[in-house]
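Survey of secondary and tertiary structure
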Amino acid sequence: MTAMTALEAVRLLGADQQHILTRAQLIEHGVPSGTIAHRLRPGGPWQRVLPRVICLQSGRLTPHQRLRAALSYAAPKGERPKPGSVLLTGLAVLADAGLPSAGHPADVEVVDVLIPSSRRVASRDFVRVHRAPSRVGGMPAGWSGTTGCGASGWPGRWPTRRPS
């Protein structure tokens with residue numbers, strides 16, 4: 001049996017992450033910077049979605065790919081997203097959950113993410129960043145329970161506001 005190449009390993013990881021990876025993940029899996037640049041060239045097989053976020057296919061992103069890209073972009077630079085470090089919020093999450101009043105996920109133009117106020121990430125392209133004060137455990141203050149969507153996955157319980 002032969003050893004897996006870096007690009008084969010990245011293809012497997014990409015399949016698990018809806019073909020959305022960060023530049024740091026590509027480097028971590030042994031893909032040289034030159035190869036990344038070559039595949040991102042105009043007409044190449046990959047596309048830059050947001051700063052540090054790459055899609056391993058060309059063409060229009062699916063609604064799920066846009067959500068994953070927003071999480072990857074808002075995560076701490078060079079780190080793997082930790083559960084609760086970045087939260088999806090807003091209309092995109094409601095549409096993805098299938099609430100008819102939110103419309104179809106493909107029609108949602110902006111993906112809202114919630115990060116701790118201490119982090120410095122700017123809104124960019126289709127990602128709108130909101131900040132909330134942090135408390136122990138990295139969760140925004142004022143929220144309890146399991147979040148609707150965290151950096152590591154998809155819907156759980158919807159957040160509920162704590163009484164004042």
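Scroll up for the structure.
First, a word on what this report is: a plain description of the structure on this page. (Residues numbered from 1 in each chain as written. Predicted model: local features only at pLDDT ≥ 70, side-chain atom pairs only at ≥ 80, totals over all residues. Heavy atoms only, no water.)

Description of the overall build of the protein chain
- If you tally the helices and strands in the protein chain, you get five helices and eight strands.
- The secondary structure elements of the protein chain, listed N-terminal to C-terminal, are α-β-α-α-β-β-α-β-α-β-β-β-β.
- Counting the 164 residues in the protein chain, one finds 40% classified as buried.
- Long-range pairs, those at least 24 residues apart, make up 45% of the contacts in the protein chain between residues at least 6 apart in sequence.
- Split by element, the accessible area of the protein chain, about 9,200 Å² in all, is 56% carbon and sulfur. (Helix = DSSP H or I, 4+ residues; strand = E, 2+ residues; numbered from the N terminus. Buried < 20%, exposed > 50% of the residue type's maximum accessible area, 1.4 Å probe, protein only. Contact = heavy atoms within 4.5 Å. Areas by Shrake-Rupley, 256 points an atom, 1.4 Å probe, with all protein chains shown as cover.)

Topic: the sheet that holds strand S3 (residues 53-55)
- Pairing within the open sheet is antiparallel, and its three strands lie in the order S1-S3-S2. The open sheet terminates on both sides in strands that have one partner only, identified here as strand S1 (20-22) and strand S2 (47-50). Neighbour to neighbour, the strand axes of the sheet diverge by 40° on average, direction disregarded.
- As defined by bridge partners, S1 adjoins S3 across three bridges and the pair is classed as antiparallel. Within S3, the position partnered with Leu-21 by the bridge is Ile-54. (Pairing = 2+ DSSP bridges. Axes fitted to C-alpha atoms, helices over the stretch in contact; angles between N-to-C directions.)

A closer look at unusual backbone geometry
- The phi torsion at His-19 lies on the positive side, around 70°, for a residue other than glycine.
- Mapping His-19 onto the fold places it in the loop between helix H1 (6-16) and S1.
- One non-glycine residue, Asp-125, lies in positive phi territory at about 50°.
- As for its placement among the helices and strands, Asp-125 is situated in the loop between strand S5 (111-116) and strand S6 (127-132).

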